Protein chains: 2
Amino acid sequence: MKVNGTHHRSIQRSGAAVQVVDQRSLPHVFRMQTLSSVGEVADAIRDMTVRGAPLIGVAAAYGMALAMQVQADDGDVSRAASLLVSTRPTAINLRWAVEAIQRQLLRMPAPLRPAASWQLADELAESDVLTNQRIGAWGAGLLRQRWLELGQPARLEVLTHCNAGWLGCVDWGTALAAIYQAHDSGVPVHVWVDETRPRNQGALTCWELARHGVPATLVADNAGGLLMQQGRVHACMVGADRVTTQGDVCNKVGTYLKALAARAHGIPFYVALPLSTVDWTIQRGEEIDIEYRAADEVTHVSGRNAAGHIERVQLAPDGTLAENPAFDITPAACVSALVTELGVIEASERGLASLQQYRKAA
Amino acid sequence: MKVNGTHHRSIQRSGAAVQVVDQRSLPHVFRMQTLSSVGEVADAIRDMTVRGAPLIGVAAAYGMALAMQVQADDGDVSRAASLLVSTRPTAINLRWAVEAIQRQLLRMPAPLRPAASWQLADELAESDVLTNQRIGAWGAGLLRQRWLELGQPARLEVLTHCNAGWLGCVDWGTALAAIYQAHDSGVPVHVWVDETRPRNQGALTCWELARHGVPATLVADNAGGLLMQQGRVHACMVGADRVTTQGDVCNKVGTYLKALAARAHGIPFYVALPLSTVDWTIQRGEEIDIEYRAADEVTHVSGRNAAGHIERVQLAPDGTLAENPAFDITPAACVSALVTELGVIEASERGLASLQQYRKAA
């Protein structure tokens, strides 16, 4: 992704440290932050300096590498892995990445681990880029097909929730990769961007889409139902934090409400995800551990004041209790298709099983 | 409603002017604002210093009275009515109140109008209080019935959207009147309060409920679907800005998404409204004119900063386009019952027709 004419990734190795885009200062300030230890990586994942299911997986892999530079005994591998996995419970990519690295490191002698862990993390980052490019190609195909079905309207109206863009991955994104590639190939996509309270990741999506030149309009999370009633949404395209073996989708809270509305209006609801987002150990969405975040993410918000400074303001009256679940479950029945790096599949036991066969063959 | 031990109404006559609760400074500062002319009333309705379907009807009636104190010819009556009706297009109570006052004023000689218009507005305000008290009694009955059906759980969990409380009426509220009366009669109500972006009227609801001692928890608009999935919502209770003759409900944007989710989970979805909210000229919700408000209500937000001052901050990146529809339509099929001052009816042609018969008999 280009920002101010320079190609950037959301995360990149820089000598003995890792640089990440600081997503907490966006959309107002674009800056990189340096993470030099596994503790700093864990903090950055927890406080959402880095966020997005694929990206936190890659960040955690680099966290493992940073830990190995200090101490690389078996106990160090396990401690680093535990610390990283504990940061956020819902997105499965994080656990998947850490466990993959851990498994490989424990198979080799400790002295090889410092160098090998960098290599494994770098490989994961590269693989994420390729994966998302492929997801984008499949997803763009779906969007083009929808555009043709509708008789090539002047705008193909796509609604998205949260940020499943390059900021949440290493590059490209998942849902937004499809939108970028559709746009680049001449489909006149216009994106309705859900604000995505309480953390307003919609602002990140608006920022990304503007950098790429994709027309977009920000709306309150409440507006999507009306837009669908008015016939102004042709497709929904979102990411995922975890998908079960029967195709239930755990994604940013609010996704389910849009999926229900899309189903009520016969609008395709697509979920884009890398294979690493599938939890092969869980069948039903209800089994997923939903993360609850701090109440003050609901009662307070940060933005840029008139003087240009980032300021935090309180929205709710003093003493207000708030609850802040970060995810919800969209049952497979509400999902029109899953878009993966291996192709487009049905959100069902059968669809996922076909994916697992490909995965084993690969 | 008591605030700091004193009984308040959202609007009250004060000599040759009208005092209203300034809802833009809430929930942080509670203060009254004086409106001394029809122009000031129109501005206060437009900028939402006064808001809520019933309240803006009463405010407009006082606006007519203020206009009549200056000039009371037929042309003055019509000009004041046009100005007031133009302020907000969707809530039907506003038009209903202004047209009722206009009709009565035009039937009398101009010299009688200044005094008569005060009396008409006062009567409307008194009638609003009585109406809402009755809505509350019927609605509380529904909530109690639900609580008994469920085997008297320790908490009856009621979700509400926006503010349909005493701040949006003269006193009591509509949806919240039901909650207040249920609470007062010993039903252990706990309220999930939707934040209600973009204007965060959920903060007003939290403020009101806290004043009355009703337990409540603020949630992002996105959270309701998950709460319903978890079985943590027993009923929804909302207000309405306009209801059609077949029972379609126009209410604050986002209501429809919650109604769809409630239907998917078999949760009763109640809409509380005074008879004056019914538009007898419109059958289908799609025919209602939806108000669009300024984009900066989405891209910016006001709150209290650390120094205790109200500050406006920008949430979206520079140059972001936003669309800001204020209402959506919940089709009658998603509404379990309409709660009116005359009783609880089915949201259907038949239900509304029975209401019209009562109305004509009354």
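Residues numbered from 1 in each chain as written. Chains lettered and ligands numbered in written order. Predicted model: local features only at pLDDT ≥ 70, side-chain atom pairs only at ≥ 80, totals over all residues. Heavy atoms only, no water.

## Comments concerning empty space enclosed by the protein
Residue and element names in this part refer to chain A.
Here comes step 1: Applying the stated criterion across every chain yields a total of seven cavities of 30 Å³ or more.
Here comes step 2: By volume, the largest cavity amounts to about 230 Å³.
Here comes step 3: What lines the largest cavity is a set of 26 residues, among which Arg51, Gly52, Ala53, Asn163 and Asp241 lie closest to the centre.
Here comes step 4: Looking at the lining of the largest cavity, the elements that each hand over two or more residues are helix H2 (53–70) and strand S11 (249–252). (1 Å grid on protein atoms, 1.4 Å probe; cavity = no way out; pocket = protein on both sides within 12 Å on 5 of 7 lines; lining within 4 Å. Points joined across faces, edges and corners; volume = space filled by probe spheres on them. Helix = DSSP H or I, 4+ residues; strand = E, 2+ residues; numbered from the N terminus.)

## What to know about unusual backbone geometry
What you tend to see is this: most non-glycine residues have negative phi, and most peptide bonds are trans.
All names here are of chain A.
Here comes step 1: The step from Leu26 to Pro27 runs through a cis peptide bond, and the omega angle for that step is 5 degrees.
Here comes step 2: Tracing the chain through its elements places Pro27 in the loop between strand S4 (17–21) and strand S5 (32–35).
Here comes step 3: A positive phi angle, close to 65 degrees, is found at Met48, a residue other than glycine.
Here comes step 4: Following the sequence through the fold, Met48 ends up in the loop between helix H1 (38–46) and H2.
Here comes step 5: Of note in this structure, Cys162 is not a glycine but carries a positive phi near 65 degrees.
Here comes step 6: Here Cys162 is to be found in the loop between strand S6 (156–160) and helix H6 (175–184).
Here comes step 7: Cys162 sits in the buried class, given a relative accessible area of 8%. (Buried < 20%, exposed > 50% of the residue type's maximum accessible area, 1.4 Å probe, protein only.)

## A short note on the pairing of strand S12 (residues 269–272) of chain A
Residues and elements named next belong to chain A.
Here comes step 1: Of the two faces of S12, the one lined by Phe269 and Val271 and the one lined by Tyr270 and Ala272 are each fully buried.
Here comes step 2: The sheet contact formed by strand S9 (residues 235–238) and S12 spans three bridges and is parallel. Opposite Val238, over in S12, you have Val271 as the bridge partner.
Here comes step 3: Bridging between S12 and strand S16 (residues 337–340) involves three bridges; their strand directions are parallel. By the bridge assignment, Val271 is partnered in S16 with Leu338. (Pairing = 2+ DSSP bridges.)

## A closer look at the nonpolar core
Here comes step 1: Judged by nonpolar contacts, the single largest core of 66 residues is most densely connected at Val271 and Leu338 of chain A together with Val271 and Leu338 of chain B.
Here comes step 2: Those residues in contact with Val271 of chain A that sit more than four places away from it in its chain are Val238, Gly239, Ala240, Val249, Val335, Ala337, Leu338 and Val339 of chain A. (Core = buried A, V, L, I, M, F, W, Y, C linked by side-chain atoms within 4.5 Å. Contact = heavy atoms within 4.5 Å.)

## With respect to the sheet that holds S16 of chain A
All names here are of chain A.
Here comes step 1: Within the open sheet, the seven strands sit side by side as S8-S7-S6-S9-S12-S16-S17. Their pairing is mixed. Among the strands making up the open sheet, the edge pair consists of strand S8 (216–219) and strand S17 (343–345). Ignoring which end each strand starts from, the neighbouring axes of this sheet average 25 degrees apart.
Here comes step 2: Contacts from H6 reach S6, strand S7 (189–194), S9 and S12, with the element oriented near 155 degrees to S7.
Here comes step 3: Contacts from helix H9 (residues 255–264) reach S6, S7, S9 and S12, with the element oriented near 145 degrees to S12. (Axes fitted to C-alpha atoms, helices over the stretch in contact; angles between N-to-C directions.)

## A look at the pairing of strand S11 (residues 249–252) of chain B
Both faces of the sheet carry side chains from a regular strand, because those side chains alternate between them.
Here comes step 1: Relative to S11 of chain B, strand S10 (residues 242–243) of chain B is paired through two bridges, and the arrangement is antiparallel. Bridging across to S11 of chain B, Arg242 of chain B finds its partner in Cys250 of chain B.

## Quick look at the side chain of Glu208 of chain B
All names here are of chain B.
Here comes step 1: Tracing the backbone shows Glu208 in helix H7 (residues 201–212).
Here comes step 2: The buried charged residue Glu208 lacks any salt bridge, with Arg51 as its nearest oppositely charged partner at 6.3 Å.
Here comes step 3: Look past the residues within four positions of Glu208 in its chain and what remains in contact with it is Asn163, Gly165, Trp166, Leu167, Leu176 and Tyr180. (Lys, Arg positive; Asp, Glu negative; His and termini not counted. Salt bridge = Lys/Arg side-chain N within 4 Å of Asp/Glu carboxyl O.)

## A few points about the environment of Ala272 of chain A
Residue and element names in this part refer to chain A.
Here comes step 1: With respect to the element layout, Ala272 can be found in strand S12.
Here comes step 2: Look at Ala272 and you get buried, because its relative accessible area is 1%.
Here comes step 3: Separated by 72 residues in sequence, Ala272 and Val344 have C-alpha atoms that sit 9.0 Å apart.

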